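Below are the chains, spelled out letter by letter.
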Amino acid sequence: MKLTVNDLSFSYKTHRTLDRVNFSADTNQCVCLLGENGAGKTTLFRCILGLLGGYKGEILIDGADCRHKSVKEMARLISYIPQANLPTFNYTVFQTVLMGTNPLMDNFHTPGDKEREIVFEKLDLLGITHLAERGYANLSGGERQLVLIARALVQDSDILIMDEPTANLDYGNQYRIMEKVKKLADQGYLVLLSTHNPEHALLFADQVVVLKDNHIIKSGPPKDALDPEMIQNIYGVKVELKNISTENGMVPVFVPCLEWE
Ligand SMILES: Nc1ncnc2c1ncn2[C@@H]1O[C@H](COP(=O)(O)OP(=O)(O)OP(=O)(O)O)[C@@H](O)[C@H]1O
């Protein structure tokens, strides 16, 4: 499956947020979208999801214009994984994930054995079957994020859009989530995610897309797209790129050049 964004421009009233944005991505790819706060990452996601109308340009999935697709058709193509927030009602993990099967059913269908099986299949895939009967609100941030990913997976779409999936997670959970996300791309999903951590992009992305001043200023494989100059351009911070030797091989990291007083 191929997602293509062609000359996409979008304004909130008179405020131009996206200006002639172009990129494409395929299944089996983990694409990391980088950009400072307010660069337009969420706006781009909302256009792709069909939540914002009135954009100029085209968003195509396998060549078909998304503008002509119903909400249900879009839900079968793209799943959205928001940041893990506390819910109003404390549904169990099983119930929360089951809600993701809605787009698969017609209006008068209620979930049965088949949907139950799909839920357990995805909980198993993410290694969280043991959480099935726990209240979602009582989970840790990392566990909640995995539940939201499971809920998106039962939707059975090939494209997963994740808005900062590692926000608010501790250091270990950030890497555990990113490893699972990368594995999903390797298993055949197209994962498009935003992150404020360029190292996640260096380590896990197949493609990096950088948004700045309403435009895409760079896209490509992380090693080509991200260097110290680009990091300074995006975030205004001077860094050095170091290749660190680890027991699993060389790992690239950005090290900030701080002027200690
Ligand atoms: N509903 C809205 N009405 C008007 N302006 C908006 C609206 N939503 C976002 N904006 C503006 O559009 C710009 C892009 O916002 P957006 O949320 O897409 O950025 P972002 O890159 O996701 O930011 P962050 O990294 O902080 O989450 C910002 O200047 C923001 O203030």
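Residues numbered from 1 in each chain as written. Predicted model: local features only at pLDDT ≥ 70, side-chain atom pairs only at ≥ 80, totals over all residues. Heavy atoms only, no water.

As annotated in an unreviewed UniProt entry, the chain is ABC transporter ATP-binding protein from Blautia liquoris.

Quick look at the domain arrangement of the chain now. Here the chain is partitioned into domain 1 (3-226) and domain 2 (228-260). Computed over C-alpha atoms only, the centres of domain 1 and domain 2 are separated by 27 Å. Opposite the 15 residues of domain 1 that make contact, domain 2 presents 10 residues. Contact between domain 1 and domain 2 buries roughly 1100 Å² in total, counting both sides, with carbon and sulfur atoms accounting for 71%. (Domains from an automatic or database assignment. Contact = heavy atoms within 4.5 Å. Buried area = accessible area lost by both parts, 1.4 Å probe.)

Spanning 13 residues, helix α5 (residues 141-153) covers 19 Å between terminal C-alpha atoms, matching the ideal 18 Å at 1.5 Å per step. Among the residues of α5, Gly142, Arg144, Gln145, Leu146, Val147, Leu148, Ile149, Ala150, Ala152 and Leu153 are the ones counted as buried. On its buried face, α5 sits against β6 (78-81), α3 (93-98), α4 (113-125), β7 (159-162) and α6 (171-186). (Helix = DSSP H or I, 4+ residues; strand = E, 2+ residues; numbered from the N terminus. Expected span 1.5 Å × (residues − 1). Buried < 20%, exposed > 50% of the residue type's maximum accessible area, 1.4 Å probe, protein only.)

The next point concerns the packing of aromatic side chains. Under the criterion given, the structure shown has 5 aromatic pairs. Between Phe10 and Tyr12, the ring centres sit 4.9 Å apart and the planes meet at 85°, which makes this aromatic pair edge-to-face. An angle of 25° between the planes, with centres 5.5 Å apart, marks the rings of Phe94 and Phe120 as stacked. Here Phe94 is found in helix α3, whereas its partner Phe120 is found in helix α4, with 26 residues between them in sequence. Accessibility expressed as a relative area gives 26% for Phe120, which makes it partly exposed. Here Arg116 stacks its cationic end above the ring of Phe94, 5.3 Å away from the centre of that ring. (Phe/Tyr/Trp six-rings, centres within 6.5 Å; stacked < 30°, edge-to-face > 60°. Lys NZ or Arg CZ within 6 Å of the ring centre and 35° of its normal.)

Here the focus is the site of the ligand. The local shell around the ligand holds 13 residues, among which Gly38, Gly40, Lys41, Thr42 and Thr43 are the closest. His196 places a side-chain nitrogen or oxygen 3.0 Å from an oxygen atom of the ligand. Taken together, the elements giving at least two residues each to the shell around the ligand come down to β2 (15-26) and α1 (41-48). Here the element with the most residues in the shell around the ligand is α1; it accounts for 3 residues. Its residues assigned to classes, the shell around the ligand comprises 2 nonpolar, 8 polar and 3 charged. (Near = heavy atom within 4 Å. Polar contact = N/O pair within 3.5 Å; in protein donor to acceptor, adjacent residues only side chain to side chain. Nonpolar A, V, L, I, M, F, W, Y, C, P; charged D, E, K, R; others polar.)

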